[in-house]
Amino acid sequence: MPPNIFGMPFGLTGLAQVWAIAESFGVTPAGVTDALLILAAAVWVLCCLLYFSRPRDVRADALDNIGAPFIALAFIIPMPLAALGLQPRAHTAAVVVVDVFLTLTVLYGGWLTGQWIYGPVDAAKIHPGYFLPTVAGGLVASAAATAVGQRRLGEFMFGLGLICWLVFGSVIMNRLFVNPWYPPPLVPTLAIEVAPAPVANLAYFALDGRRIDAFAAALAGYGMLLVLAQFRFLPAYARLRFGPPLWAFTFAYAAVASVFLFWINLGRPPGQRALSWLVLGAITLLVGGIAVRTVVAVARGRYFPPRATPPPAGVIGKA
């Protein structure tokens, strides 16, 4: 069970957030967001049961320079679920869930940062998933804490996520510029490159009261650059086999879609509602298509990579 299995509930949570933003602007009716939040929570619980039931594998993944960052998603996902789903109905429960998983996110991010320094890390194994524990963790936690009324904690986590973005962004970009291209299983992580700017934008909107100011525009400008850079990767993306790594596209582009919705509905260009539905339809088609293919692949037993089978007795040591 690879740790990137948590990309599934993370992507579904991102889609729920897009629908929640559209609902807040009166674009979509109520109900869809709640259904998506319930689905994301159910998938998260299932993934936790499947993944954490093998402690030995979890320990091995936590020390693995490729897989370790994805474990952080198990701690990050409950925060937006609580902020979007629990906060309107049970404020105290939402605060408890956000604070508990924010603490776990910070602890794991701190341990992992120390592990990478202590390591050291093979440069070839560095990938954009390194944004997840501290950058995504910090910025998602910031938005969630602000949503449940803990603004100062939101500012604290915004600083953590933003500065880690500057630090890890330079390390990751250096690896991408000067090292060989990734093997196929790691190519989908390149989609995560687009995520920090829109996720920071969403956290900033939460702190700043949904206003487009100079800083929000600056974040959007850099985000646009990295979205455009993704078009150069299309030939490599087209050669990928379907599997768990492709869920890396879902939350990243859900965050982009969320920021698009803010700009459309705050800027109010001509055709505002049609543009909103275009963005909403595109991201729903992307996430929904990957979800349907996942269900089909799981049903056919072709989704997860096969486990290595040990050689039969008496064969070890033979040529």
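Residues numbered from 1 in each chain as written. Predicted model: local features only at pLDDT ≥ 70, side-chain atom pairs only at ≥ 80, totals over all residues. Heavy atoms only, no water.

Another point: the environment of Phe304. Here Phe304 is to be found in the segment after α14 (272-299). Judged by its relative accessible area of 30%, Phe304 falls in the partly exposed class. Put simply, Phe304 and Gly243 are 61 residues apart on the chain and 6.8 Å apart in space, counted from C-alpha to C-alpha. When neighbours within four sequence positions are excluded, Phe304 is seen to be in contact with Met1, Pro2, Ile5 and Pro244. (Helix = DSSP H or I, 4+ residues; strand = E, 2+ residues; numbered from the N terminus. Buried < 20%, exposed > 50% of the residue type's maximum accessible area, 1.4 Å probe, protein only. Contact = heavy atoms within 4.5 Å.)

With that settled, the discussion passes to helix α7 (residues 91-118). Taking 1.5 Å of rise per residue, 28 residues should cover 40 Å, and α7 covers 40 Å from first to last C-alpha, within 8% of that figure. Of the positions making up α7, those classed as buried are Ala94, Val95, Val98, Phe101, Leu102, Thr105, Tyr108, Gly109, Leu112 and Trp116. (Expected span 1.5 Å × (residues − 1).)

Glancing now at unusual backbone geometry. Backbone phi values are negative for most residues with the exception of glycine, while trans is the configuration of most peptide bonds. The residue after Gly119, namely Pro120, is reached through a cis peptide bond having omega -10°. Phi is positive for Arg210, close to 55°, though the residue is something other than glycine. Here Arg210 is to be found in the loop between α10 (196-208) and α11 (214-229). Given the relative accessible area of 35%, Arg210 is considered partly exposed. Unlike most non-glycine residues, Arg268 shows phi in positive territory, near 55°. By the secondary structure assignment, Arg268 is in the loop between α13 (248-267) and α14. In this structure Arg268 comes out as exposed when scored by relative accessible area, which is 63%.

Our focus in this paragraph is the environment of Phe205. Relative to the helices and strands, Phe205 is located in helix α10. The class for Phe205 is buried, based on a relative accessible area of 1%.

Glancing now at the packing of helix α9 (residues 151-178) against α10. Put simply, α9 and α10 touch, their axes get as near as 11 Å, and they point 160° apart. One way to sum up the angle between α9 and α10 is to call them roughly antiparallel. By crossing handedness, the relation of α9 to α10 is classed as left-handed. Facing Arg151, Gly154, Glu155, Phe158 and Trp165 of α9, the residues of α10 in contact are Pro196, Ala197, Ala200, Ala203, Tyr204 and Leu207. The residue inventory of the contact of α9 with α10, partitioned by class, reads eight nonpolar, one polar and two charged. (Axes fitted to C-alpha atoms, helices over the stretch in contact; angles between N-to-C directions. Parallel < 35°, antiparallel > 145°, perpendicular 65-115°, else oblique. Left-handed = near helix turned anticlockwise from the far one by under 90°. Nonpolar A, V, L, I, M, F, W, Y, C, P; charged D, E, K, R; others polar.)

Right, let's talk about the packing of α7 against helix α8 (residues 132-147) for a bit. As a packed pair, α7 and α8 sit with axes 9 Å apart at the nearest point and diverge in direction by 160°. Taken together, the axis directions place α7 and α8 in an arrangement best described as roughly antiparallel. In this structure, the crossing between α7 and α8 has a hand that is left-handed. Between α7 and α8, the residues in contact are Val98, Leu102, Thr105, Gly109, Leu112, Thr113 and Trp116 and Pro133, Thr134, Gly137, Ala141, Ala144 and Ala145, respectively. When the residues that make up the contact of α7 with α8 are grouped by side-chain class, the tally is eight nonpolar, five polar and no charged.

Our next topic: the pattern of salt bridges. Under the definition given, this model contains six salt bridges. Arg54 serves as the salt-bridge partner of Asp57, at 2.6 Å between the closest nitrogen and oxygen. Assessed through its relative accessible area of 34%, Arg54 is described here as partly exposed. Of the charged contacts, one joins Asp208 and Arg211 as a salt bridge, the two residues approaching to 3.0 Å between their closest N and O atoms. Judged by relative accessible area, which is 19%, Asp208 ranks as buried. A relative accessible area of 44% places Arg211 in the partly exposed class. Taken together, the shared-partner salt bridges connect Arg151, Arg152 and Glu155 into one network. (Salt bridge = Lys/Arg side-chain N within 4 Å of Asp/Glu carboxyl O.)

Such coordinate-based values are descriptive only and should not be taken to indicate function.
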